[in-house]
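# Fold and contact review
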Amino acid sequence: MDYKFGIAVIGAGYVGLVSSACFAELGFNVVCVDKDQKKIKKLQKGDSSIHEPSLTPLIQNNLATGRLKFSESLSEAVLNNDIILIAVGTPITEDKQADISEIENAAKEIAPLLNSYKIIVVKSTVPAGTCRQLLKTIRNLNYHAHFDIVSNPEFLRAGSGVKDFMMPDRIIIGAEKITIHLMMARLYQSFIDREIPIIQTTLESAELTKYAANSFLATKIAFTNEIAHLCEKLNADVHDVLKGVGLDKRIGKDYLQPGPGFGGSCLSKDALALTQSARIMDAPVRIIESVLESNKNHKKIIVEKIISACFGSVANKRLAILGIAFKANTDDVRESPALYLISMLQAQGAILNLYDPIVKEISLDLNVYWGHDVYDTLNGTDAIIIMTEWEEFRQLDLKRIRASLRNTIIEPTLIDLRNLYSPQEMIKAGIRYCSIGRKTQNIVYKENLEESYT
Ligand code: NAD
C-alpha cells in the first residue's frame, strides 16, 4: 500500500524536532507544532532551535520539499493528520515524581479534535499507566472519539539524536490491539526493512522499558565512577580495570567511562521518577535509589578533588571551566554537572571563567567571565577544569596552555574530569595534571618545570 500517514508532532523539543525531521526524511508529511511562537518562527525559516548534529540540513531539505511544516496551530495539525505523536516534556515535580501535566494538557487539547480515526502515539517518557490514563481523559472529553493510543518511547540521545533516531538499537511499541501493531509497523516499515528489532508489547511494558533502560544506564555510570574513585585510592588505572570488565560480553564496554557524574534531561529524572513510582507501588527499586545517591556523592567528591588540586582552597583563585553542556555535541544544560560545580565553586569563593563551544549563557545568576574561545578563557587562570568531552578540548595546544598558566598562584594545573589526556603527556608538557580513577595528580614542581622549559 502506497498511502503514507500524515503525522502531527506535538512539541518541537529535542525529541519532537528530531522525530519530525526524520519522519519527513523517510517520506512522511509531517507538521510539527509547538506552543512556543518564537521557536516555530525560527523553525519556519529553517533555523534549528537546538544544537544537534545533522539536524539543520535535514530540516531545511524537508522544508524545501514541503514534507515538513512547522505550525503553532495544534487544531489544524490534529484535524489534518492520521498519527498524532506527542513529544512534550515530562520533568520532575517538587515531590520528585514525573510531571505528566504537559501530556495531560496536550491530550485535553487533542480530544475535541478527533473528528476521524487517529492513532495517538506517546513518544514522551511517561510512568507506566499514563497512556491508559490518557485514554480515559480523552474518552471523558469526547465520548464518540474514534482513536487508539500507543506507547512508543524514544531512546535517542542528545548530541547524536538524528543518528540514534534513524539507526536505533530497537523500537518499542506498546498497544492494546494487534491491528494497532500492524498500523505502527507501517509507520516503521523502513526500519523493519533494515531488520531493526521491533518489540511489540503492552502499553505498560513499553512505558516501563524506557525507565528501566535509563535507570540501567545511570547504574552503569554510577558504578564506573565508584570504581574510578576506588582506583585512585588503590593506585589502579580505571581504564585498564574497566576494559577488563567491559570485554565480558555479559557486561559490555559502553557507558563505562568515568566522568563528573551523570546529568542531562533524562537519566537523573527518569531514575528518580522510577524510584518514586516503584515506592508508590510498594515495590521499591533500592539499587536505583542508591545509584542516585551515589551520583550525588560523586559530584561532591569532584568538588573536593578540585579543591584539593588547588592546594586546599579555591577562594580568590581564578578557574577556567571548559564545557557547560552535560555532554558533547549538545546545547542541553539541563541537570548538567557543570551547573552544580559552578555554584559550589562560587560558594567557595572561586572566580570563574567559562567556555563552551555552543552554550553561551546559563540561567544561573552568575558573575563570571565568558571566554570567546578556549585560550581567551584560560588567560590569567590558576587552573583549568575540563567538564565536557567536546572534540576541541581533546586537541588543546599544551604549550599555549602552559604559557597561559605560567603566572598562577598555584602550579599550572589541568583538572581533566573526562580523562581526555594521559598523565604521561601532561608530565611531558609540564602541566600538573589531575584526572579521574588514575594516579591522582602529577605533581611537577615549579623549579623543575622552569628548568625543563628553559
Ligand atoms: P523539550 O522540553 O525539549 O521539548 C518539549 C516541547 O514541547 C517544548 O518546546 C514545549 O514548548 C512543547 N510543548 C509542551 N506542551 C505543548 C503543547 N500542549 N502544545 C505544543 N507544544 C507543547 O523536551 P524533550 O527533551 O524533547 O523531551 C520530550 C520527552 O521525550 C520527555 O518526556 C523526555 O523525557 C523524553 N526524551 C527526551 C530525550 C532527550 O534527549 N531530550 C531523549 C529521549 C526521550
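Predicted, not measured: the structure shown is a model, and the values here were computed from it.

### A word on the overall build of the chain
Helix and strand counts for the chain come out as 19 helices and 15 strands. Computed over C-alpha atoms, the radius of gyration of the chain comes to 24 Å, within 12% of the 22 Å expected from 2.2 N^0.38 for 454 residues, which places it in the range of a compact globule. If you line up the chain on its principal axes, its C-alpha atoms span 80 × 50 × 40 Å. Sequence separation of at least 24 residues holds for 71% of the intrachain contacts in the chain that already meet a minimum separation of 6. As presented, the chain carries roughly 20,900 Å² of accessible surface, and 53% of it is formed by carbon and sulfur atoms. The positive charge centre, built from 52 side chains, and the negative charge centre, built from 54, are 2 Å apart in the chain.

### Here we look at the packing of helix 5 (residues 101-110) against helix 6 (residues 130-141)
For the pair helix 5 and helix 6, the least separation of the axes is 9 Å and the interaxial angle reads 35 degrees. As for how helix 5 packs across helix 6, the hand of that crossing is right-handed. Listed contacts from helix 6 to Ile103, Glu104, Ala107 and Lys108 of helix 5 are Gln133, Leu134, Thr137, Ile138 and Leu141. Of the residues in the contact of helix 5 with helix 6, the class split is five nonpolar, two polar and two charged.

### Topic: the site of the ligand
Of all residues adjacent to the ligand, which total 26 residues, the nearest are Val15, Asp34, Lys39, Thr90 and Lys269. In this structure, Thr90 approaches the ligand through a side-chain N or O atom, which is 2.5 Å from an oxygen atom. Between an oxygen atom of the ligand and a main-chain N or O atom of Thr125, the distance comes to 2.9 Å. Taken together, the elements giving at least two residues each to the shell around the ligand come down to helix 1 (14-25) and helix 5. Per-domain counts for the shell around the ligand show at least three residues from each of domain 1 (6-201) and domain 2 (208-454).

### Regarding the state of the cysteines
Taken as a whole, this structure holds zero disulfides when the rule is applied. Unpaired in terms of disulfides, Cys131 finds its nearest cysteine sulfur in Cys266, a separation of 17 Å. Judged by its relative accessible area of 0%, Cys131 is buried. Here Cys434 stays unpaired: no disulfide links it, and the sulfur of Cys310, its closest cysteine neighbor, is 8.9 Å away.

### Quick notes on the packing of aromatic side chains
Under the counting rule described, the total for this entry stands at six aromatic pairs. Seen in terms of ring centroids, Phe23 and Phe165 are 5.2 Å apart; in terms of plane orientation they differ by 85 degrees. Their pairing is edge-to-face. Taken together, the residues Phe23 in helix 1 and Phe165 in helix 7 (residues 161-166) connect sequence positions 142 residues apart. Overall, Phe23 belongs to the buried group, its relative accessible area being 0%. Looking at Phe165, the relative accessible area reads 4%, which means it is buried. Ring geometry for Phe165 versus Phe191: centroids 6.2 Å apart, planes at 80 degrees, classification edge-to-face. Of the two residues, Phe165 sits in helix 7 while Phe191 sits in helix 9 (residues 189-193), which places them 26 residues apart along the sequence.

### Topic: the pattern of salt bridges
Tallied over the full model, the rule gives 13 salt bridges. Asp332 is the partner of Arg334 in a salt bridge, and the nearest nitrogen-oxygen pair spans 3.1 Å. On the basis of relative accessible area, Arg334 is assigned to the partly exposed category, the value being 43%. Judged by its relative accessible area of 3%, Asp332 is buried. Across the pair Glu389 and Arg418 runs a salt bridge, and its minimum N-O distance is 3.6 Å. Linking Glu389 in the loop between strand 12 (383-386) and helix 16 (391-394) with Arg418 in the loop between strand 13 (413-416) and helix 18 (423-429), this pair joins segments that are 29 residues apart in sequence. Here Glu389 and Arg418 have matching classes, each one buried. Through salt bridges that share partners, Arg132, Glu176 and Glu204 make up one connected network.

### Concerning unusual backbone geometry
In the Ramachandran plot, Asn329 falls in the positive-phi region, its phi being about 70 degrees despite a non-glycine side chain. Relative to the assigned elements, Asn329 resides in the loop between strand 9 (318-322) and helix 14 (337-347). On the basis of relative accessible area, Asn329 is assigned to the partly exposed category, the value being 35%.

### Points about the domain arrangement of the chain
With domains assigned, the chain is organised as domain 1 (6-201) and domain 2 (208-454). Placing the centre of domain 1 and that of domain 2 at their C-alpha centroids yields a distance of 34 Å. Between domain 1 and domain 2, the residue contacts involve 23 residues of the former and 21 residues of the latter. When domain 1 packs against domain 2, the two sides together hide about 1,800 Å² of surface, and 61% of this comes from carbon and sulfur.

### With respect to the pairing of strand 2 (residues 29-33)
Taken across its five residues, strand 2 has four buried, putting it largely inside the fold. Relative to strand 2, strand 1 (residues 6-10) is paired through five bridges, and the arrangement is parallel. Within the sheet, the bridge partner assigned to Gly6 lies in strand 2 and is Asn29. Crossover connection from strand 1 via helix 1 to parallel strand 2: handedness right-handed. With four bridges connecting them, strand 2 and strand 3 (residues 68-71) associate as parallel partners. Bridging across to strand 3, Val30 finds its partner in Leu68.

### Quick word on the confidence of the model for the chain
Chain-level pLDDT for the chain is 93 on average; 95% of the residues reach the 70-or-more range. In the predicted structure, residues 443-454 sits below a pLDDT of 50 and forms 20 contacts with residues beyond four places in sequence or in another chain.

### Considering the side chain of Ser151
Its location among the elements puts Ser151 in strand 6 (residues 147-151). Among residues more than four places away in sequence, those in contact with Ser151 are Val122, Cys131, Ile172, Ile173, Gly174, Leu203, Ala206 and Glu207.

Calculation criteria
The residue numbering used here restarts from 1 in each chain and proceeds along that chain's sequence as written. Owing to the predicted nature of the model, reporting of local features is limited to residues with pLDDT of at least 70; listing and counting of side-chain atom pairs is limited to 80 or more, with chain, interface and lining totals taken over all residues. Only hydrogens and water are removed before side-chain values are computed, so all heavy atoms of the structure are retained for them. Secondary structure follows DSSP: runs of H or I at least 4 residues long count as helices, runs of E at least 2 residues long count as strands, and numbering of each begins at the N terminus. The reference for a compact globule is 2.2 Å times residues^0.38; the radius of gyration itself is calculated from the C-alpha atoms. Throughout, a residue-residue contact means that at least one pair of heavy atoms, one from each residue, lies within 4.5 Å. Calculation of accessible area relied on Shrake-Rupley with a 1.4 Å probe; when residues are assessed, cover is drawn exclusively from the protein chains displayed. In this tally, Lys and Arg are treated as positive and Asp and Glu as negative; His is ignored, and so are the chain termini. For this purpose, a charge sits on NZ of Lys, CZ of Arg, CG of Asp or CD of Glu. Axis lines are fitted to C-alpha atoms, over the contacting stretch for helices. Their N-to-C directions set the angle, which ranges from 0 to 180 degrees. It is the rotation of the near helix from the far one that decides the hand of a crossing: anticlockwise by less than a right angle makes it left-handed, clockwise makes it right-handed. Following the grouping adopted for this structure description, the nonpolar residues are Ala, Val, Leu, Ile, Met, Phe, Trp, Tyr, Cys and Pro, the charged ones are Asp, Glu, Lys and Arg, and the polar ones are all others, Gly among them. For this description, a residue counts as near a given molecule or strand if any of its non-hydrogen atoms is within 4 Å of it. Any pair of N or O atoms that falls within 3.5 Å is considered a polar contact. Within protein, one atom must be able to donate a hydrogen and the other to accept it, and sequence-neighbouring residues count only if both atoms are side-chain atoms. For the domains described, the bounds stem from an automatic or database domain assignment. Cysteine sulfur atoms that come within 2.5 Å of each other are treated as a disulfide pair. Per-residue accessibility, obtained with a 1.4 Å probe over protein chains only, is compared with the maximum for each type, and a residue is labelled buried under 20%, exposed over 50%, and partly exposed between these values. Side-chain rings of Phe, Tyr and Trp (the six-membered ring for Trp) are treated as a pair once their centres are within 6.5 Å; stacked means planes under 30 degrees apart, edge-to-face means over 60, and tilted covers the remaining angles. Only one rule defines a salt bridge in this text: a Lys or Arg side-chain nitrogen within 4 Å of an Asp or Glu carboxyl oxygen. Each of two parts loses accessible area, computed with a 1.4 Å probe, when they are put together; buried area is these two losses added. In this description, strands pair whenever DSSP reports at least two bridges between them. The path from the first strand over the helix to the second decides the hand: if it runs clockwise while the strands point away from the viewer, the crossover is right-handed. What pLDDT expresses is the predictor's confidence in each residue, scored from 0 to 100.

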